[in-house]
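# Examination of the molecular architecture
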Amino acid sequence: MRAHELTVGRTFGVTFDHGEDFFEALSSFCRDNGVRQGYISSFIGAFAEAEIVGACEKLADPDAPVWAKTYVTNVEAFGAGTLAHDPATGEILPHIHVSAGLKAQSADGRTSHLLGAKVQFLSELLIVEVTSPTMTRPRNPGLYDVPLLTFG
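Analysis parameters
Residues numbered from 1 in each chain as written. Predicted model: local features only at pLDDT ≥ 70, side-chain atom pairs only at ≥ 80, totals over all residues. Heavy atoms only, no water. Helix = DSSP H or I, 4+ residues; strand = E, 2+ residues; numbered from the N terminus. Rg over C-alpha atoms; globule rule 2.2 N^0.38 Å. Buried < 20%, exposed > 50% of the residue type's maximum accessible area, 1.4 Å probe, protein only. Contact = heavy atoms within 4.5 Å. Expected span 1.5 Å × (residues − 1). UniProt positions renumbered as here; feature names shortened; annotations may be inferred. Pairing = 2+ DSSP bridges. Phe/Tyr/Trp six-rings, centres within 6.5 Å; stacked < 30°, edge-to-face > 60°. Core = buried A, V, L, I, M, F, W, Y, C linked by side-chain atoms within 4.5 Å.

### A closer look at the overall build of the protein chain
A count of helices and strands for the protein chain gives 1 helix and 9 strands. The helix and strand sequence of the protein chain, counted from the amino end, reads β-α-β-β-β-β-β-β-β-β. Its C-alpha atoms give the protein chain a radius of gyration of 16 Å, near enough to 15 Å, the size a compact globule of 152 residues would have. Looking at the protein chain residue by residue over its 152 residues, the buried ones come to 36%. Across the protein chain, every contact between residues at least 6 apart in sequence was considered, and the portion connecting residues at least 24 apart equals 68%.

Structural data, given as structure tokens:
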């Protein structure tokens, strides 16, 4: 286990508009407001389309992370995540999980890591900036090259 006390800065209420790319809008928000790291305590909204981690085939190694993606459309979504900083590029590295109900299929649900999404109508987010420690996401070569959140 790793833990570190977080010093938080500003808190933002953010809305993304119909048709926006979720991750592009998130990056623009962070750049425009100088947010380098933090967490999304929660968000709600709808996606016209989204890609989430998932596979339909038998996994060769059930212990390994799944890198395949599943495509869904017209979903209501609830999610949360963290925003780390890449010191080499200056970009944010979001890690967001979402539960999404397929509206046309009795709200049948999918829950997984969000890879991409196009906003349908709106997305409403609560974003909390973390001012310290530095939050990064280096890849761990000994653990399937998974990027893991680190502090300091």
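### Details of helix H1 (residues 22-33)
Taking 1.5 Å of rise per residue, the 12 residues of H1 would be expected to cover 16 Å, and the 17 Å separating its terminal C-alpha atoms lies within 8% of that figure. Contacts made by the buried residues of H1 are with strand E1 (7-17), strand E2 (38-53), strand E3 (69-85), strand E4 (92-102) and strand E5 (108-132). In the stretch just after H1, Gly34 is the one whose phi turns positive, near 65°.

### Describing the UniProt feature "domain: PPC" (unreviewed entry) in the protein chain
Within this structure's numbering, the places UniProt gives as "domain: PPC" (unreviewed entry) are residues 6-152. In residues 6-152, helix accounts for 8% and strand for 60%; the two terminal C-alpha atoms are 10 Å from one another.

### Observations regarding the pairing of E4
Bridge count for E3 against E4 is 11 bridges, and the pairing is antiparallel. Paired with His85 across the bridge in E4 is Ile92. Linking E4 back to E5 in an antiparallel pair, the connection comprises 5 residues, with Ser106 at a positive phi of about 55°.

### Regarding the packing of aromatic side chains
Taken as a whole and judged by the stated rule, the model has 6 aromatic pairs. Summarising the aromatic geometry, the rings of Phe12 and Phe29 are spaced 5.0 Å apart at their centres and angled 80° between planes, so their arrangement reads as edge-to-face. Taken as a pair, Phe12 in strand E1 and Phe29 in helix H1 lie far apart in primary sequence, 17 residues in all. Taken together, Phe16, Phe22, Phe23, Phe43 and Phe47 form an aromatic cluster joined through their ring pairs.

### Side note on the nonpolar core
Counting residues in hydrophobic clusters, the biggest one holds 29 residues, and the most contacted among them are Phe22, Leu26, Phe47, Leu114 and Ile127. Elements with a contribution of two residues or more to this core: E1, H1, E2, E3, E4 and E5. In terms of residues, this core owes the most to one element, H1, which gives 6 residues. Beyond its immediate sequence surroundings of up to four residues, Phe22 is in contact with Phe16, Phe43, Phe47, Ile96, Leu114, Ala117, Ser123 and Leu125.

### Some details on unusual backbone geometry
The omega torsion across Ser132 and Pro133 is 0°, close enough to zero to call that bond cis. Positioned with a positive phi, Asn74 is a non-glycine residue whose angle comes to about 50°. Mapped onto the elements of the fold, Asn74 is located in strand E3. Positive phi outside glycine occurs at Ser106, with the angle close to 55°. With respect to the helices and strands, Ser106 occurs in the loop between E4 and E5. With relative accessibility at 75%, the residue Ser106 sits in the exposed group.

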